[in-house]
Amino acid sequence: MQGMNVMQGRMPRKVWIDYLKVLGMVLIVWGHCAPAHLSAFAYAFDVQLFFWVSGYLTKNKFVPWEQFVKKIWQTLFVPMLLICLIALCLSAMMGRCSWTDLPESLLLVLSGFNSFDDVAGCGAMWFVYSLMVIRTIHNLTVLHRKWQPWLCLLFLSLAILWRLYGVETASAWIDVLLAYPFFCLGNMCANGMFEKIQNRIASFTPPIIRKSKIIMVVMLAIAVYIVAMFNGIVYMYRGEFGGSILLFLMGSLLGILMMVTISEMLERKWKDTIAVLSSGTILMLGFQSHFFRIMTAVLVKVGIQRDFWTFDILTLIGSFAIVLAFYPIIKITKRHAPILMGMRK
């Protein structure tokens, strides 16, 4: 997710975007904790949110291929590969996987597989792999923008066909089918479309809700929860959209709008801290599993089972703590191993 700022050019920093990335990571960690009652809610929009942000931060400008490949290599591919290698070695040291599987795991990472036949692959870093593919598609089509809506429809249609055939595989290539439309939507929103959507929604929103963003967030959260309950859990890493593609799109859009509203409410607070955390989302994505596994194991050990509402609440609080715990890790990495963060200063 660090690659979200790739090739966007210089622009005034938008703190609400930093908040979107940080709060989105909280949701990612929380979803991986598998809260019994709210997993469907968290998965309804968390990953889609990041692809939307990635599109929002990408300029509508063709990048010469030599420059494009260099940027992708430095800011996405190399960090992804190194983080996956470190994470796999840590897992082997902890006994979660075998050292003998490491060559096969590296092959799975390079080919974009989350895992295969019980052998670990790129894991949560599938997002970065999919983002590399999507950015390539965007650079190919940016001079022919009229193709992009049709390409979105084609990809969604292929995702439906993939689901109908019942093929189960966790591949970043398949995930592109569901992720690309949100990248395109974010890209369009960055060019004035978002303000138009907000104004259109405000025009038919009751005054009491329009004047209170808190009420709007609550209403949107309830709407997302209801949609998620009908649609089921969305496992985007497997190219799955739940029970209905329409409910998937509805829940995603409502969730993104909810998170943007929350981020705009908070953008005046803790700007420097949020900026640091936002710059290290790729580290969080790669290593958060080692944190949340410890947290959930401790909760279960003290008697808080996964089917308790207490588990949902405590894992949400713990997810905030895990994200905040990355603050010193990001600062140290940025100074001593910037290659893991795409050489960002």
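The rules behind the values
- Residues numbered from 1 in each chain as written.
- Predicted model: local features only at pLDDT ≥ 70, side-chain atom pairs only at ≥ 80, totals over all residues.
- Heavy atoms only, no water.
- Helix = DSSP H or I, 4+ residues; strand = E, 2+ residues; numbered from the N terminus.
- Polar contact = N/O pair within 3.5 Å; in protein donor to acceptor, adjacent residues only side chain to side chain.
- Phe/Tyr/Trp six-rings, centres within 6.5 Å; stacked < 30°, edge-to-face > 60°.
- Lys NZ or Arg CZ within 6 Å of the ring centre and 35° of its normal.
- 1 Å grid on protein atoms, 1.4 Å probe; cavity = no way out; pocket = protein on both sides within 12 Å on 5 of 7 lines; lining within 4 Å.
- Points joined across faces, edges and corners; volume = space filled by probe spheres on them.
- Nonpolar A, V, L, I, M, F, W, Y, C, P; charged D, E, K, R; others polar.
- Salt bridge = Lys/Arg side-chain N within 4 Å of Asp/Glu carboxyl O.
- Buried < 20%, exposed > 50% of the residue type's maximum accessible area, 1.4 Å probe, protein only.
- Expected span 1.5 Å × (residues − 1).
- Bend = angle between axes of the 7 residues up to and from the residue.

(A) Examining the side chain of Asn139 more closely. For Asn139, the position within the fold is in helix H6 (residues 126-141). There is a polar contact of 2.9 Å between the side chain of Asn139 and the backbone oxygen of Val63.

(B) Focus on the packing of aromatic side chains. This model, assessed by the stated rule, comprises 18 aromatic pairs. Relative to Phe77, the ring of Trp73 has its centre 5.0 Å away and its plane inclined at 25 degrees; by these criteria the two rings are stacked. Here Trp73 and its partner Phe77 are both found in helix H4 (residues 65-93), four residues apart, which amounts to about one turn of the helix. Within the aromatic cluster, the residues linked to one another by ring pairs are Phe50, Phe51, Trp126 and Phe127. A cation over an aromatic ring shows up here: Arg163 above the ring of Phe241, its NZ or CZ 5.4 Å from the ring centre.

(C) Quick peek at empty space enclosed by the protein. By the definition in use, this model includes two cavities of 30 Å³ or more. If you add up the space inside the second largest cavity, you get close to 40 Å³. What lines the second largest cavity is Ala44, Val227, Ala228, Asn231, Gly232, Val234, Leu247, Phe248 and Gly251. If you list the elements that add at least two residues to the lining of the second largest cavity, you get helix H10 (213-231) and helix H11 (245-266). Grouping the amino acids of the lining of the second largest cavity by side-chain chemistry returns six nonpolar, three polar and no charged.

(D) Structural view of the pattern of salt bridges. Following the criterion strictly, the structure yields two salt bridges and no others. Of the charged contacts, one joins Glu264 and Lys213 as a salt bridge, the two residues approaching to 3.5 Å between their closest N and O atoms. Placement of the pair is Glu264 in helix H11 and Lys213 in helix H10, with a sequence separation of 51 residues. Look at Lys213 and you get partly exposed, because its relative accessible area is 37%. Among the salt bridges present, the one from Arg238 reaches Glu240, with a minimum N-O distance of 3.1 Å. For Arg238, a relative accessible area of 24% translates into the label partly exposed. Classification of Glu240 by relative accessible area gives buried; the value is 17%.

(E) Seen up close, unusual backbone geometry. One non-glycine residue, Asp117, adopts positive backbone phi at about 50 degrees. If you trace the backbone, Asp117 turns up in the loop between strand S1 (115-116) and strand S2 (119-120). A relative accessible area of 63% places Asp117 in the exposed class. The backbone phi angle of Trp270 is positive, close to 50 degrees, even though this residue is not glycine. With respect to the element layout, Trp270 can be found in the loop between H11 and helix H12 (271-279).

(F) Focus on H4. Between its first and last C-alpha atoms H4 spans 40 Å; for 29 residues at 1.5 Å apiece the expected length is 42 Å, and the two agree. When the local axis directions of H4 are compared, the greatest deviation, roughly 45 degrees, occurs at Trp73. Downstream of H4 by one or two residues, Gly95 has phi in the positive range, about 80 degrees.

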